[in-house]
Number of protein chains: 2
Amino acid sequence: MASEIKSDKVNMKALAKVLNVSIATVSKALRDSHDIGPETKLRVIEEARKLNYVPNPYASSLRKKASNTIAIIIPEIADSFFSQAINGIESVVAIKKYHTLIYLTHDSYEREAYMFGELASGRVDGVIMSVASNTEDTKHIKTLQDSGIPIVFFDRVFDDIKSVKITTDDFNSAYTATNHLLDAGCKNISLITIKGYPSILSAREEGYQQALAEKGIHPRESSVVTCSNKYNNENVEVIKEHLAKVKPDGIIATVEHLATSTYLACDEMKLNIPKDVKVACFTNQITAPILNPPLTTILQPAYDMGKQAAQLLFDHLSGRYVETNKEIVLPSKLVVRASTAFN
Amino acid sequence: MASEIKSDKVNMKALAKVLNVSIATVSKALRDSHDIGPETKLRVIEEARKLNYVPNPYASSLRKKASNTIAIIIPEIADSFFSQAINGIESVVAIKKYHTLIYLTHDSYEREAYMFGELASGRVDGVIMSVASNTEDTKHIKTLQDSGIPIVFFDRVFDDIKSVKITTDDFNSAYTATNHLLDAGCKNISLITIKGYPSILSAREEGYQQALAEKGIHPRESSVVTCSNKYNNENVEVIKEHLAKVKPDGIIATVEHLATSTYLACDEMKLNIPKDVKVACFTNQITAPILNPPLTTILQPAYDMGKQAAQLLFDHLSGRYVETNKEIVLPSKLVVRASTAFN
DNA sequence: CTAATTTAGTTAAACGTTTAAGCAAATAAA
DNA sequence: TTTATTTGCTTAAACGTTTAACTAAATTAG
């Protein structure tokens, strides 16, 4: 019964009263100020523990004008890349004893812009983000930056925004993957991608084009297939159609969920991977080695990207100097498996 | 240049001044109070928009004693189940224009308890959680509940906590899956699981035992393999050892990442799935149909669980009556694929 | 021994909202 | 016409911290 009485929230005032000191003394004692004598400090800390005192974060944030909170803004959370990146971010945030707000844009510019509005006025001290694929206008981002909130971008970044950016070498890994397919004997490689503005996509496409160009191959425009960025059956149909029409002998898929769509499409078209068509995909899924056949992947350092993004953000927050336009490029790794085996 | 001058934060005071009204008028106008005349309201709203005014959330929270924020506390984010659940939660939170703090316990009781401490004093209005697998003591949870913050549990719940809970029918789905394996001709089925206290694990094990018992099979204790809850190579070794020693002809894996470990172990032991051993796993991974062989899964309604959890939490927050001990059980679905094909 | 400094506190203002209470003018009721 | 009510606004307190400025007592310096 007693435990059901919603006990009055214990705050500094209550603590001060029972300890017979001023509120300021309590506050300072808890923050280990030099102003307070050692035995008073102890008394305060003891009592605070005893009464289970937890400072009100919002009062504190309001007064200090610091929230000890950051925001992660990402398109979605349904794939391994972002999951791992979040883990990397969290590994740093947890140590700093910060809090993490998470926002999903679902790749919509409107939502992204709305969320940025919400973050003004000090809700967070900093932002880590990967932009929505249909974001073209960057005014909302610049506005928040101008208000003094540091933003670190990872993976999906914008060229025309001046900020700290963590990316992988998308151009190079697409280039390497394409060459790998060429070496495996492919003559007619298609790129399966999604439409969107972040430079990550164009970089991957350019790496692909460059590798082909160097071999004197000029891919028809029809070799690039644009899918929807939702995981759905429609993509399987689009890919099947492409397989029927263009008859590629190699495929590079630029985002994670396209691996499943591509495999299903090949299966339905009775095409054998890797005999009829070889497949490589940008993905971090742990099931890659147990797929049928095991999938050659371009593995991004998702965890490290998140971790470094968070570290740089905290460097900035702690006043340490961070070059405002720093760009860190972490290497992706081509993990060769059976899906691109030489016939 | 001009844009680089960090303009003073516009607050109600500033708005009031330029509009030549009191701060209270601004506040009420923006909250559409009946106290304010229509044309004044319009003036205020216009000016607020013009100056890009965003209310300080912490001042507001402090005064209103409501944060418009919830917390999601989950063990990890590295698998599809929790990713999808988060999406479900987010789908509701976004509509309510709430904010979401996310905390990862990494299945550690200590972290979980620490995080609960942080949530006292009004940081959040409510919590949605899935408990850490090594949490045994539930005092931290009860303390937060007693302080009046509603907590909705999903998936990994505790029997001895009185609260709203969303689960799947773990007992039944394990029971069904086991019977499915029996029907496929298995005589010696092993359960690969992780150690932990949440009832979800014991329910799955009991469903498995029950199915066997009904067929007059009394599994040796050695038929239950306990793995670590980290995705690592060690688990593959543990499973290989088990395969060598017990030689099961059927396997049920109780958590997502054990699918990969099991497939790899079978592969290394040169065991063919499904010929030598049939495998079914509790998992939501989209790659299940393209595995080698396609994996029979017990698919949990992760998105819906998250969505319902959030809806019930908001029902509670909006004062609508919610049975304090409501338990919602959503059905999982056995999706039969080649990994359990009859020989 | 007095003056300067240090120690250990206190008081009160401030952070940016919300809201109860109050009030004058306008309108409605008696 | 007088009184009651409504309208539209203002004043001021409150939410729970943090911190600048102050003070009295104790210590140190000269």
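Reading the values: the criteria
- Residues numbered from 1 in each chain as written.
- Chains lettered and ligands numbered in written order.
- Predicted model: local features only at pLDDT ≥ 70, side-chain atom pairs only at ≥ 80, totals over all residues.
- Heavy atoms only, no water.
- Helix = DSSP H or I, 4+ residues; strand = E, 2+ residues; numbered from the N terminus.
- Rg over C-alpha atoms; globule rule 2.2 N^0.38 Å.
- Buried < 20%, exposed > 50% of the residue type's maximum accessible area, 1.4 Å probe, protein only.
- Contact = heavy atoms within 4.5 Å.
- Areas by Shrake-Rupley, 256 points an atom, 1.4 Å probe, with all protein chains shown as cover.
- Lys, Arg positive; Asp, Glu negative; His and termini not counted.
- Charge placed at Lys NZ, Arg CZ, Asp CG, Glu CD.
- Least-squares fit on C-alpha atoms with pLDDT ≥ 70 in both.
- Near = heavy atom within 4 Å.
- Polar contact = N/O pair within 3.5 Å; in protein donor to acceptor, adjacent residues only side chain to side chain.
- Domains from an automatic or database assignment.
- Pairing = 2+ DSSP bridges.
- Axes fitted to C-alpha atoms, helices over the stretch in contact; angles between N-to-C directions.
- Parallel < 35°, antiparallel > 145°, perpendicular 65-115°, else oblique.
- Left-handed = near helix turned anticlockwise from the far one by under 90°.
- Nonpolar A, V, L, I, M, F, W, Y, C, P; charged D, E, K, R; others polar.
- Buried area = accessible area lost by both parts, 1.4 Å probe.
- Salt bridge = Lys/Arg side-chain N within 4 Å of Asp/Glu carboxyl O.

Trainee: When you look at the overall build of chain A in this model, what are you seeing that I'm missing?
Mentor: Helix and strand counts for chain A stand at twelve helices and twelve strands. In summary, chain A has a C-alpha radius of gyration of 26 Å against a globular reference of 20 Å for 343 residues, an excess of more than 25%. Seen through its C-alpha atoms, chain A measures out along the principal axes to roughly 85 × 50 × 35 Å. Counting across all 343 residues of chain A, residues that qualify as buried make up 55%. Across chain A, contacts joining residues at least 24 apart in sequence account for 72% of those joining residues at least 6 apart. Accessible surface computed for chain A: about 15600 Å², of which carbon and sulfur atoms make up 52%. Considering chain A, the positive charge centre built from 39 side chains and the negative charge centre built from 40 side chains are found 7 Å apart.

Trainee: Mind showing me how you'd approach the relation of the copies chain B and chain A here?
Mentor: The relation between the two copies of this chain is a rotation about an axis and a shift parallel to it. The two copies are related by a screw motion: chain B maps onto chain A through a turn of 180 degrees and a shift of 0.0 Å along the axis, at an RMSD of 0.1 Å. The superposition of one copy onto the other is thereby described by a two-fold rotation axis. A share of 100% of the interface residues of chain B reappears at the interface of chain A, consistent with the copies meeting face to face through the same patch.

Trainee: In this structure, what is going on with the protein's contact with DNA strand C? I would like to understand it.
Mentor: Taken together, 26 residues are adjacent to DNA strand C, and A:S22, A:T25, A:T40, B:S27 and B:R63 come closest. For DNA strand C, the fraction of atoms within 4 Å of the protein that belong to sugar or phosphate moieties is 62%. Within the backbone of B:M12, one N or O atom sits 3.0 Å away from a phosphate oxygen of DNA strand C. In the model, a phosphate oxygen of DNA strand C is placed 3.2 Å from a nitrogen or oxygen of the B:R31 side chain.

Trainee: Looking at this structure, I do not really get the domain arrangement of chain A. What am I missing?
Mentor: Interface size, as often reported, equals the accessible area lost upon joining of the parts. The domain boundaries assigned to chain A delineate domain 1 (2-55), domain 2 (67-167 + 302-329) and domain 3 (170-300 + 334-340). Just the C-alpha atoms count here: the centres of domain 1 of chain A and domain 2 of chain A sit 36 Å apart.

Trainee: So what exactly am I meant to see when it comes to the pairing of strand 5 (residues 164-168) of chain A here?
Mentor: Residue and element names in this part refer to chain A. Counted residue by residue, strand 5 has five buried out of five residues, so it is predominantly covered. The alternating pattern of strand 5 places V164, I166 and T168 and K165 and T167 on opposite faces, both of which are buried. Examined bridge by bridge, strand 4 (residues 151-154) and strand 5 share three bridges and lie parallel to one another. Directly across from V152, in strand 5, lies its bridge partner V164. For strand 5 and strand 11 (residues 327-330), the ladder comprises four bridges, and the chain directions are parallel. Residue pairing for strand 11: T168 is matched across the bridge by L330.

Trainee: What's the story with the packing of helix 10 (residues 233-246) of chain A against helix 11 (residues 257-268) of chain A in this structure? I'm lost.
Mentor: When two helices pack together, their arrangement is captured by the angle between the axes and the distance separating the axes. Residue and element names in this part refer to chain A. As a packed pair, helix 10 and helix 11 sit with axes 8 Å apart at the nearest point and diverge in direction by 55 degrees. Between helix 10 and helix 11, the angle is such that the two are oblique. The crossing of helix 10 and helix 11 is right-handed. Within the contact between the two elements, helix 10 uses N235, V236, E237, I239, K240 and L243 and helix 11 uses H257, L258, S261, T262, L264, A265, C266 and E268. The residue inventory of the contact of helix 10 with helix 11, partitioned by class, reads seven nonpolar, four polar and three charged.

Trainee: Help me understand the sheet that holds strand 9 (residues 278-282) of chain B, please; the structure alone is not making it clear to me.
Mentor: All names here are of chain B. Here we have six strands laid out as an open sheet, ordered 7-6-8-9-10-12, and mixed in their pairing. Lying at the two open borders of the sheet, with one neighbouring strand each, are strand 7 (224-227) and strand 12 (333-335). Each strand of the sheet is rotated relative to its neighbour by a mean of 20 degrees, with strand direction disregarded. One ladder, built from four bridges, connects strand 6 (residues 189-194) with strand 8 (residues 250-253); its direction is parallel. Among the inter-strand pairings, I192 is bridged to a residue of strand 8, identified as A253. On top of the sheet, helix 11 (residues 257-268) reaches strand 6, strand 7, strand 8 and strand 9; it is set at about 130 degrees to strand 6, its chief contact.

Trainee: Would you mind going over the interface of chain B and chain A with me for this structure?
Mentor: Taken together, the contact between chain B and chain A spans 52 residues of the former and 52 residues of the latter. Carbon and sulfur atoms make up 60% of the area that chain B and chain A hide from each other, which totals about 5000 Å². Interface area lost by chain B to chain A is led by B:Y58, B:S121 and B:I290, which between them contribute 16%. For the interface between chain B and chain A, the tally reads zero salt bridges. On inspection of chain B and its partner chain A, the count reaches 20 residue pairs in polar contact (both at pLDDT 80 or more). Of all the secondary structure elements, the ones that give two or more residues to the side of chain B that touches chain A are helix 4 (57-64), helix 5 (80-96), strand 2 (99-104), helix 6 (109-119) and helix 11 of chain B. With six residues, strand 2 of chain B is the largest single contributor of residues to the side of chain B that touches chain A.

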